[in-house]
Structures are given as C-alpha cells and as structure tokens.
Amino acid sequence: MEYVDIYSVIRHNIKKYRQEKGLTQAKLAELTDLSHDYIRQIESEKVANTFSVQTVYDIAVALEIDVGLLFKTDSKE
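Residues numbered from 1 in each chain as written. Predicted model: local features only at pLDDT ≥ 70, side-chain atom pairs only at ≥ 80, totals over all residues. Heavy atoms only, no water.

## As for the packing of helix α2 (residues 25-32) against helix α3 (residues 36-43)
One can describe the packing of α2 onto α3 by two numbers: an axis separation of 8 Å at closest approach and a directional angle of 115°. In this view, α2 runs roughly perpendicular relative to α3, as classed from their interaxial angle. α2 and α3 meet at a crossing whose hand is right-handed. The residues of α3 that touch α2, namely those facing Q25, A26, L28, A29 and T32, are H36, I39, R40 and E43. A class-by-class count of the residues in the contact of α2 with α3 yields 4 nonpolar, 3 polar and 2 charged. (Axes fitted to C-alpha atoms, helices over the stretch in contact; angles between N-to-C directions. Helix = DSSP H or I, 4+ residues; strand = E, 2+ residues; numbered from the N terminus. Parallel < 35°, antiparallel > 145°, perpendicular 65-115°, else oblique. Left-handed = near helix turned anticlockwise from the far one by under 90°. Contact = heavy atoms within 4.5 Å. Nonpolar A, V, L, I, M, F, W, Y, C, P; charged D, E, K, R; others polar.)

## Some thoughts on the pattern of salt bridges
Under the defined criterion, the tally for this structure stands at 3 salt bridges. Of the charged contacts in the structure, one is a salt bridge between E43 and R18, with a shortest N-O distance of 2.6 Å. With E43 in helix α3 and R18 in helix α1 (residues 6-20), this pair connects stretches of sequence that are 25 residues apart. The exposure classification of E43 matches that of R18, with both residues buried. (Salt bridge = Lys/Arg side-chain N within 4 Å of Asp/Glu carboxyl O. Buried < 20%, exposed > 50% of the residue type's maximum accessible area, 1.4 Å probe, protein only.)

## Quick look at α2
Within α2, the full set of buried residues consists of Q25, L28, A29 and T32. End-on, the buried residues of α2 take up no more than an arc of 105°, which puts them together on one face. Where α2 is buried, its residues touch α1, α3 and α4 (53-63). Taken from the residues just after α2, D33 is the one with a positive phi, measuring 60°. (Arc of directions from axis to C-beta.)

## Describing the environment of Y57
By secondary structure assignment, the location of Y57 is in helix α4. We classify Y57 as partly exposed; its relative accessible area is 45%. Residues Y57 and V9 lie 48 residues apart in sequence; the distance between their C-alpha atoms is 15 Å.

## Section: unusual backbone geometry
If you check the backbone angles, D33 has positive phi at about 60° while not being a glycine. Residue placement: D33 occurs in the loop between α2 and α3. The exposure class of D33 is exposed, given its relative accessible area of 73%. Even without a glycine there, the phi angle at E64 is positive, about 60°. Looking at the element boundaries, E64 is found in the segment after α4.

Shown next, in the form of structure tokens:
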C-alpha cells in the first residue's frame, strides 16, 4: 500500500475547491467562524498538521461540497 500524506491531500483540496468557488481565504474564514490566519495555515504546507476532523467538516459545509471530496487523491495533480 502506497503511503499518502492525507494532510497534504486535504490542504490541496481545500485550496482547490475554495478557488473554484471564487472564495478568498478571508471569506472562507468568515463562513467557518475560523480566523483568516488559521485558514492560511491549513492551506500551507509549511505549518504543522493541527486541524481537526470537525474543522475539515466545517470547511466542507462552507464550500458546499461533500466532505469526502476533501480526502480524495488525484494522481494527475
């Protein structure tokens, strides 16, 4: 079984779907009641893996997507 860094997958997908929806990090922060800085950290590869399942769920709800999409790997990217 190939190792998958699920945090990197989630980070990538949050950014991808946020941009597809035309949302800024600040707007996503507002929709999730999280700070803009925290959203920036979640999307950054340079920050520790500290976000919770609840946070991932809240972001999916704000993006109006199925939470499973945030866990989906895409070998083409």
